[in-house]
Amino acid sequence: MKVEWFAEGFRHLRTQGLKFFKSCLLVMVFFCGSNLFAQRLSLTDVQSQPVSGPGPGLRIALGGTVNSDMAVAQRDNRDYPQSNINPLFATSVPFNGTISYESIGFNPGFRFDFAPGYRLNQWINFEFETGCIYNTVESYTISGNGTFTGVGGNPNLNGTMKLDAQGYLLQVPLMVNVEFSYPIGDGWRPFVGAGGGGMFQKLTVSTISGTIHYQGDFNQSNFMGAWEAFLGCGYQVAPGFDVSIAYRIDGVLSPDFGGYTMQNFYTQAAEFEMNWRF
């Protein structure tokens, strides 16, 4: 009987001890967690303090791009439709008939920005932007009626023909931008901006294939007036350094490639940016 009573007491004592241990563990976790949380809050408060005075800065960005189609507005200062001219990008391929429309399409590409600047205060920042934008050629579209000479495949054009194409478009922006931002607390900083300047462009087209196929011989470059607009949101990781996501659109005003005057051309980009404020 005493043995049973002793065993029952031991089980009761063990149960109470486990409950006490769990309670102590919960208290320790609570206080330790609270202390870590307080430290995190303190760190966030430090990080969220913006660098608000004037000074230099630097933005480096990398992203993906999507181009609009590059449609031809004029050839040799003449509007469409035009008769008995070579198809776009091939001086050695005669065409007997009338061409009413030509354009070139692009695959998605990439963009890299390098932009040193100067910050007036925490709201206004100026920058000089350069870098590169690269897209490969995807297609060539031609509309009209007539017959090609010296091509493979079906030489007859009746309506619209979309062909595969090879080549690339390289763009180098040279822009002066102004950015307006508004710190909203906790390190967040939405922004908008715009700028203007010029755009160096190099366009090559080598091979046209599909219903017809021929070898292109187009390799032209230019430097044209351009503009840019952008918006995004940044987050301050540390004092003087933040990361951001931005949308940018660049427009080139009537680019001219060796007698081919194109319609206004647009490049859109989504970028991941790193910003240093010294």
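Preceding this section is the structure that the text describes.
Note that this is a predicted model, so its numbers are computed, not measured. (Residues numbered from 1 in each chain as written. Predicted model: local features only at pLDDT ≥ 70, side-chain atom pairs only at ≥ 80, totals over all residues. Heavy atoms only, no water.)

Colleague: Any chance you could break down the packing of aromatic side chains for me, citing the residues and the numbers?
Modeller: Applying the stated criterion across every chain yields a total of 9 aromatic pairs. One aromatic cluster in this structure is built from Phe 110, Tyr 134 and Tyr 168. The ring of Phe 230 has Arg 248 lying over it, and the distance from NZ or CZ to the ring centre is 4.2 Å. (Phe/Tyr/Trp six-rings, centres within 6.5 Å; stacked < 30°, edge-to-face > 60°. Lys NZ or Arg CZ within 6 Å of the ring centre and 35° of its normal.)

Colleague: A description of empty space enclosed by the protein should follow, citing residues and the corresponding values.
Modeller: Evaluated as defined, the whole model comprises 1 cavity of 30 Å³ or more. Here the largest cavity defines a volume of roughly 100 Å³. Residue assignment for the lining of the largest cavity shows that the elements contributing at least two residues are strand S1 (55–67), strand S6 (109–119), strand S7 (124–148) and strand S15 (265–277). (1 Å grid on protein atoms, 1.4 Å probe; cavity = no way out; pocket = protein on both sides within 12 Å on 5 of 7 lines; lining within 4 Å. Points joined across faces, edges and corners; volume = space filled by probe spheres on them. Helix = DSSP H or I, 4+ residues; strand = E, 2+ residues; numbered from the N terminus.)

Colleague: Can you break down the environment of Arg 248 residue by residue, with the values?
Modeller: Turning to its location among the elements, Arg 248 is positioned in strand S12 (residues 241–252). The exposure class assigned to Arg 248 is buried, which follows from its relative accessible area of 0%. Counting along the chain gives 55 residues from Arg 248 to Gly 193, while the straight-line C-alpha distance between them is 9.4 Å. At a separation of 3.4 Å, a polar atom in the side chain of Arg 248 contacts the side chain of Glu 129. Here Glu 228 takes part through its side chain, which lies 2.7 Å from a polar atom of the side chain of Arg 248. (Buried < 20%, exposed > 50% of the residue type's maximum accessible area, 1.4 Å probe, protein only. Polar contact = N/O pair within 3.5 Å; in protein donor to acceptor, adjacent residues only side chain to side chain.)

Colleague: Explain the nonpolar core residue by residue, including any values.
Modeller: Ranked by internal contacts, the top residues of the largest apolar core, which has 31 residues, are Met 70, Phe 106, Tyr 140, Phe 148, Leu 203 and Tyr 214. Counting only elements with at least two residues in this core, the list comes to strand S2 (70–75), strand S5 (95–106), S7, strand S9 (156–181), strand S10 (188–209), strand S11 (212–238) and strand S14 (260–262). In terms of residues, this core owes the most to one element, S9, which gives 5 residues. The next biggest cluster of nonpolar side chains, apart from the first, holds 6 residues, and it includes Ile 133, Met 199, Ala 226 and Val 252. (Core = buried A, V, L, I, M, F, W, Y, C linked by side-chain atoms within 4.5 Å.)

Colleague: Which residues make up the pairing of S12, and what values go with them?
Modeller: As judged from the 12 bridges shared by S11 and S12, these two strands associate in the antiparallel manner. Looking at the pairing, Glu 228 lines up with Asp 250 of S12. Hairpin remark: S11 followed by S12, antiparallel, with 2 residues in the connecting loop; positive phi at Gly 240, about 85°. When S12 meets S15, the two strands line up antiparallel, connected through 12 bridges. Across the sheet, the residue bridging to Val 252 is Phe 265, located in S15. (Pairing = 2+ DSSP bridges.)

Colleague: Requested: an account of a nonpolar patch on the surface, with residues and values cited.
Modeller: On the surface, Phe 128, Leu 174, Val 176, Phe 200 and Phe 223 cluster together into a nonpolar patch covering about 450 Å² of accessible area. Mapped onto the fold, Leu 174 is located in strand S9. The class for Leu 174 is partly exposed, based on a relative accessible area of 34%. (Patch = residues over 30% accessible without salt bridge, like charges linked within 9 Å, V, L, I, M, F, W, Y side chains within 5 Å. Areas by Shrake-Rupley, 256 points an atom, 1.4 Å probe, with all protein chains shown as cover. Salt bridge = Lys/Arg side-chain N within 4 Å of Asp/Glu carboxyl O.)

Colleague: Mind laying out the pattern of salt bridges, listing which residues take part and the relevant values?
Modeller: Going through the model one piece at a time under the given rule, you end up with 19 salt bridges. Measuring nitrogen to oxygen at the nearest pair gives 3.2 Å for the salt bridge that ties Asp 113 to Arg 59. Here Arg 59 lies in strand S1 and Asp 113 lies in strand S6, a separation of 54 residues in the sequence. For the pair Asp 113 and Arg 59, a shared accessibility class is recorded, and that class is buried. A salt bridge links Glu 273 to Arg 248; the nearest nitrogen and oxygen atoms lie 3.0 Å apart. With Glu 273 in strand S15 and Arg 248 in strand S12, this residue pair connects regions lying 25 residues apart in the sequence. It is possible to trace a salt-bridge network through shared partners that takes in Arg 59, Arg 111, Asp 113, Glu 127, Glu 129, Glu 228, Arg 248, Asp 250, Glu 271 and Glu 273.

Keep in mind that these numbers describe shape and distance, not what the molecule does.
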